[in-house]
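# Observations on the model geometry
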Amino acid sequence: MNPHILNNRIKELRARNNLTQAQLAEAVGVTRKTINTVENRVFIPSTVLALKLAKALDVSVEELFSLKEE
Amino acid sequence: MDEVSKLIGQRNTMLFWVAISFAVWQGGQLADEIVHLRGWGTEMSNLVIPFAVLIGALGWVAAMIMMLNYASKLGRSRKQAVIQDEAYGQDQAKAFRIGYITLIAVISGLMAVDLMIDFTASIAIRILLIVGISVPILVFASINRADAEEAA
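Model, not experiment: these values are computed from the prediction.

### Regarding the overall build of chain A
What chain A contains, in helices and strands, is 5 helices and 2 strands. Helices and strands appear in chain A in the N-to-C order β-α-α-α-α-α-β. Taken against the 2.2 N^0.38 rule, which gives 11 Å for 70 residues, the C-alpha radius of gyration of chain A at 11 Å falls within 12% of a compact globule. Across its three principal directions, the C-alpha atoms of chain A cover 35 × 20 × 20 Å. Here the contacts in chain A between residues at least 6 apart in sequence split such that 61% fall between residues at least 24 apart. Counting every atom, chain A has about 4,300 Å² of accessible surface; 51% of that belongs to carbon and sulfur.

This is the structure:
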């Protein structure tokens, strides 16, 4: 079992940027479902997607994602 | 509904059709083989089995037409990369994994059954074909449908 949880601030930053999941999905070129699963920590995105999300939300990857040990 | 949601919905419907029609078609053939092998033929089975095979085969043809239609729509769409994104790849891998485990379980089951009951290789192959094709497709479509409903 992976002892780490990948925390993210997508929901908070989306709200700050007035973006819906669908709009963020459109901006980074994935489905809304992918945004939803990343946001709910069901799916761990690739480095490329993480970078795209950070760029779309105008923050660094470290600000967007962080590791939390269980 | 946007283009991406529409295409995902169409893909799920198409996949359900593909999996179910194949299972009905080949399941009918399988039932026919078993009935003939065991001599269990009745008036009812002689009516129901060919009907199931016919319905399944027609459904399979319809599913293939749907698949061609979907492939052409997807090819024309600029959203192809969006629909086949990372989560899609993960769901696909999960469906294959579950399909593979199910197939191994069915093979083990068939080996155990073979110790007690005689059946032909063709029956075993047909069972494996149904499981190997229908299970991963159904799992993939189910995961996608559940996630789409959750995301909505």
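The structure having been displayed, the exposition proceeds.
### A closer look at the side chain of B:R126
Residue and element names in this part refer to chain B. Along the chain, the position of R126 falls in helix α5 (residues 121-151). For R126, the side chain forms a polar contact with the side chain of E33, separated by 2.7 Å. When near neighbours in sequence (up to four residues on either side) are disregarded, R126 contacts Q26, Q29, L30 and E33.

### Digging into the nonpolar core
The biggest cluster of nonpolar side chains holds 22 residues, and the ones touching the most others in it are B:L15, B:V18, B:Y70 and B:I83. At the level of elements, α1 (3-38), α2 (43-76), α3 (80-83), α4 (86-116) and α5 of chain B are the ones that each hand at least two residues to this core. Here this core gets 9 residues from one element, more than from any other, and that element is α1(B). The contacts of B:I83, once residues within four sequence positions are left out, are A:T31, B:V4, B:L7, B:I8, B:R11, B:Y70, B:L74 and B:Y88.

Rules of the game
Residues numbered from 1 in each chain as written. Chains lettered and ligands numbered in written order. Predicted model: local features only at pLDDT ≥ 70, side-chain atom pairs only at ≥ 80, totals over all residues. Heavy atoms only, no water. Helix = DSSP H or I, 4+ residues; strand = E, 2+ residues; numbered from the N terminus. Rg over C-alpha atoms; globule rule 2.2 N^0.38 Å. Contact = heavy atoms within 4.5 Å. Areas by Shrake-Rupley, 256 points an atom, 1.4 Å probe, with all protein chains shown as cover. Polar contact = N/O pair within 3.5 Å; in protein donor to acceptor, adjacent residues only side chain to side chain. Core = buried A, V, L, I, M, F, W, Y, C linked by side-chain atoms within 4.5 Å. Buried < 20%, exposed > 50% of the residue type's maximum accessible area, 1.4 Å probe, protein only.

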